Amino acid sequence: MPSDTLPPLRVVIAKPGLDGHDRGAKVIARALRDAGVEVIYTGLHQTPRQIVDTAVQEDADGIGLSVLSGAHMTLFAEVLSVLAEQDARDITVFGGGIIPDTDIPQLLDLGVAALFTPGTPTRAITEWVRSNVRSLSALP
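Brief notes about the pairing of strand β2 (residues 38-41)
In regular strands, side chains alternate between the two faces of the sheet.
Stage number 1. Bridge analysis of strand β1 (residues 10-14) against β2 gives four bridges, and the strand direction is parallel. The residue bridging Val-12 from the neighbouring strand is Ile-40, located in β2.
Stage number 2. This β-α-β element, β1 to helix α1 (residues 23-34) to β2, shows right-handed connectivity.

What follows is the structure, given as structure tokens:
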């Protein structure tokens with residue numbers, strides 16, 4: 001592989017907590033895959049630690065969380081905390097789901113790079129991931 005060619009982006013798509021609705025996560029996983037991103041889908045009912053462990057083991061550039069359960073504040077914060085604990089803050093965290101507009105600024109302040117709510121076109125998400133995940137993960 002030439003030195004100026006980067007490997008494909010690697011992104012973990014995860015469903016944390018007790019939320020059993022994964023259709024949206026699967027749609028995003030497929031859209032990212034179709035856009036040339038290597039996707040690791042963790043399946044339902046993952047703990048924040050399991051998600052971070054997977055991302056670290058898979059050498060992922062990003063973690064995309066899908067949260068529809070209303071526990072987004074806790075789950076995003078726990079994932080970010082475990083990333084910090086494992087010295088893996090270079091992995092970009094983004095997500096989507098049913099997230100009230102009033103909670104979005106708090107999540108961004110915590111360190112979530114981007115949030116996508118229902119109705120966001122998949123193309124907008126794939127373009128954001130391809131344009132931002134590796135560049136954000138390279139920041140100190």
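From this point, things continue past the structure.
Brief notes about the pairing of strand β4 (residues 92-97)
Stage number 1. Burial within β4 is extensive, with six of its six residues counted as buried.
Stage number 2. As defined by bridge partners, strand β3 (residues 62-67) adjoins β4 across six bridges and the pair is classed as parallel. Bridging across to β4, Ile-63 finds its partner in Val-93.
Stage number 3. Viewed along the sheet, the connection from β3 through helix α3 (residues 72-85) into β4 turns out right-handed.
Stage number 4. Bridge analysis of β4 against strand β5 (residues 114-116) gives three bridges, and the strand direction is parallel. Considered in β5, the bridge of Gly-95 is made with Leu-115.
Stage number 5. Traced from β4 through helix α4 (residues 104-110) to β5, the parallel crossover comes out right-handed.

Thoughts on the environment of Trp-128
Stage number 1. Within the element layout of this structure, Trp-128 appears in helix α5 (residues 122-137).
Stage number 2. Of the residues examined, Trp-128 reaches a relative accessible area of 16% and is grouped as buried.
Stage number 3. The sequence separation of Trp-128 and Pro-100 amounts to 28 residues, and the corresponding C-alpha distance is 21 Å.

Digging into the nonpolar core
The nonpolar side chains of soluble globular proteins are, as a tendency, buried together.
Stage number 1. Ile-63, Leu-65, Phe-76, Leu-83 and Val-93 are the most contacted members of the largest nonpolar core, which has 24 residues in total.
Stage number 2. Going through the elements one at a time, β1, α2 (48-57), β3, α3 and α4 are the ones with two or more residues in this core.
Stage number 3. Looking at which element gives the most residues to this core, the answer is α3, with six residues.
Stage number 4. Judged by nonpolar contacts, the second largest core, of 15 residues, contains Val-11, Ala-25, Leu-32 and Val-129.

Structural notes on the layout of surface pockets
Stage number 1. Estimated volume of the largest pocket: approximately 380 Å³.
Stage number 2. In terms of lining, the largest pocket is formed by 22 residues, of which the most central are Gly-24, Ile-28, Gly-96, Gly-97 and Phe-116.
Stage number 3. Elements that contribute at least two residues to the lining of the largest pocket include exactly α1, β3, β4 and α5.
Stage number 4. It is α1 that contributes the most residues to the lining of the largest pocket, five residues altogether.
Stage number 5. Residues belonging to the lining of the largest pocket are distributed by class as follows: 10 nonpolar, 11 polar and one charged.

So, the packing of α2 against α3
Stage number 1. Viewed as axis vectors pointing N to C, α2 and α3 meet at an angle of 45 degrees, and their least axial separation amounts to 9 Å. By the angle between their axes, α2 is oblique relative to α3. As for how α2 packs across α3, the hand of that crossing is right-handed. Side by side, α2 and α3 meet where Pro-48, Arg-49 and Val-52 of the first sit next to Leu-75, Glu-78, Val-79, Val-82, Leu-83 and Glu-85 of the second.

The rules we used
- Residues numbered from 1 in each chain as written.
- Predicted model: local features only at pLDDT ≥ 70, side-chain atom pairs only at ≥ 80, totals over all residues.
- Heavy atoms only, no water.
- Pairing = 2+ DSSP bridges.
- Helix = DSSP H or I, 4+ residues; strand = E, 2+ residues; numbered from the N terminus.
- Right-handed = clockwise from strand over helix to strand, strands pointing away.
- Buried < 20%, exposed > 50% of the residue type's maximum accessible area, 1.4 Å probe, protein only.
- Core = buried A, V, L, I, M, F, W, Y, C linked by side-chain atoms within 4.5 Å.
- 1 Å grid on protein atoms, 1.4 Å probe; cavity = no way out; pocket = protein on both sides within 12 Å on 5 of 7 lines; lining within 4 Å.
- Points joined across faces, edges and corners; volume = space filled by probe spheres on them.
- Nonpolar A, V, L, I, M, F, W, Y, C, P; charged D, E, K, R; others polar.
- Axes fitted to C-alpha atoms, helices over the stretch in contact; angles between N-to-C directions.
- Parallel < 35°, antiparallel > 145°, perpendicular 65-115°, else oblique.
- Left-handed = near helix turned anticlockwise from the far one by under 90°.
- Contact = heavy atoms within 4.5 Å.

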